[in-house]
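Observations on chain architecture
Spelled out, the chains give:
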Amino acid sequence: MADGRQWSAEQLLEAAKQARSRAYVPYSNFGVGAVFMDADGHLHAGCNVENAAYGPTNCAERTALFRAIADGCKAGEFQVAAVIGDTDTPITPCGVCRQVMVELCAPDMPVVMGNMRGEYRIATVSELLPGAFTQKDLT
Ligand code: THU
């Protein structure tokens, strides 16, 4: 990118769409895909994985983030994330995923939220969960 960014919203959403195609969603039939770009520019992808007991279901965002951490990425070093679903307006991450992003991503990390119509909006992690409970509250 001319401005020094290693990403475009369209490229990230395309990768998230590919991840969405692998969603395991026999109960909701609502597939979601997500990607997180690490410090080196590599993408870590995830999809939602549902469960007959419903509660163990893992959202796409957490699948991607946990996978990235397990693969050696460091908390706070992600450049950007993207998430996509078949929603009327750009998809919006659930509260649990917002809390997990607050834990593992920088407050100013942009999150690209899109839908299958090509619409998207971008907000930072701290904009998505203002006033979050964090590590500093435990001291
Ligand atoms: N879901 C996600 O994976 N990410 C979101 O941002 C919203 C919701 C999943 C959870 C469940 O498998 C399905 O979408 C319906 O809620």
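Check the entry above for the structure.
Below is a summary of the structure that appears in this document. Model, not experiment: these values are computed from the prediction.

On to helix 1 (residues 9–20), then. For helix 1, built from twelve residues, the straight-helix expectation of 16 Å at 1.5 Å per residue is met to within 8% by its first-to-last C-alpha distance of 16 Å. If you check which residues of helix 1 are buried, you get A9, L12, L13, A15, A16 and A19. All buried residues of helix 1 fall inside an arc of 160° around its axis, so they share one side. Residues of helix 1 that are buried make contact with strand 1 (32–37), strand 2 (43–47), strand 3 (80–85), strand 4 (110–115) and strand 5 (120–124).

A separate point is the nonpolar core. Counting residues in hydrophobic clusters, the biggest one holds 24 residues, and the most contacted among them are F36, L65, F78, M101, C105, M109 and V111. Of all the elements in the fold, those that place two or more residues in this core are strand 1, helix 2 (60–70), strand 3, helix 3 (95–104), strand 4 and helix 4 (125–128). Other than its neighbours up to four places away in sequence, M101 contacts F36, L65, P93, V111, V125 and L128. Within the second largest apolar cluster, 14 residues are counted, among which are W7, A45, V80 and I84.

What follows concerns a nonpolar patch on the surface. Where nonpolar side chains cluster on the molecular surface, the patch consists of Y24, Y27, V49 and Y54 and spans about 450 Å² of accessible area. Relative to the helices and strands, Y24 resides in the loop between helix 1 and strand 1. Residue class for Y24 comes out partly exposed when judged on its relative accessible area of 44%.

Another aspect to go through is unusual backbone geometry. Trans is the common state for peptide bonds, and a negative phi is the common state for residues other than glycine. Of note in this structure, N29 is not a glycine but carries a positive phi near 55°. Structurally, the position occupied by N29 is in the loop between helix 1 and strand 1. Judged by its relative accessible area of 67%, N29 is exposed. Its identity is not glycine, yet Y54 carries a phi of approximately 60°, on the positive side. Looking at Y54, the relative accessible area reads 59%, which means it is exposed.

Around the ligand, a shell composed of S28, F30, V32, N48, E50, T57, C59, A60, E61, T92, P93 and C94 is seen. For the ligand, an oxygen atom lies 2.9 Å from a polar atom in the side chain of N48. Within the side chain of E61, a nitrogen or oxygen atom sits 2.6 Å from an oxygen atom of the ligand. Here the ligand, which alone exposes 380 Å², has 78% of that area covered by the protein. When its residues are assigned to classes, the shell around the ligand shows six nonpolar, four polar and two charged.

What follows concerns the packing of aromatic side chains. Remark: the centre distance and the inter-plane angle together describe each pair of aromatic rings, the angle taken between the planes. For the structure on display, the rule yields two aromatic pairs. Ring geometry for Y27 and Y54: centres 5.9 Å apart, planes at 55°, overall tilted. Of this pair, Y27 sits in the loop between helix 1 and strand 1 while Y54 sits in the loop between strand 2 and helix 2, placing them 27 residues apart in sequence. When the ring of F36 is compared with that of F78, the centres are 5.8 Å apart and the planes differ by 70°; the resulting orientation is edge-to-face. Highlighted residues: F36 in strand 1 and F78 in the loop between helix 2 and strand 3, separated in sequence by 42 residues. Overall, F36 belongs to the buried group, its relative accessible area being 1%. R5 extends its terminal NZ or CZ atom over the ring of W7, reaching a point 4.3 Å from the ring centre.

Analysis parameters
Residues numbered from 1 in each chain as written. Predicted model: local features only at pLDDT ≥ 70, side-chain atom pairs only at ≥ 80, totals over all residues. Heavy atoms only, no water. Helix = DSSP H or I, 4+ residues; strand = E, 2+ residues; numbered from the N terminus. Expected span 1.5 Å × (residues − 1). Buried < 20%, exposed > 50% of the residue type's maximum accessible area, 1.4 Å probe, protein only. Arc of directions from axis to C-beta. Contact = heavy atoms within 4.5 Å. Core = buried A, V, L, I, M, F, W, Y, C linked by side-chain atoms within 4.5 Å. Patch = residues over 30% accessible without salt bridge, like charges linked within 9 Å, V, L, I, M, F, W, Y side chains within 5 Å. Areas by Shrake-Rupley, 256 points an atom, 1.4 Å probe, with all protein chains shown as cover. Salt bridge = Lys/Arg side-chain N within 4 Å of Asp/Glu carboxyl O. Near = heavy atom within 4 Å. Polar contact = N/O pair within 3.5 Å; in protein donor to acceptor, adjacent residues only side chain to side chain. Nonpolar A, V, L, I, M, F, W, Y, C, P; charged D, E, K, R; others polar. Phe/Tyr/Trp six-rings, centres within 6.5 Å; stacked < 30°, edge-to-face > 60°. Lys NZ or Arg CZ within 6 Å of the ring centre and 35° of its normal.

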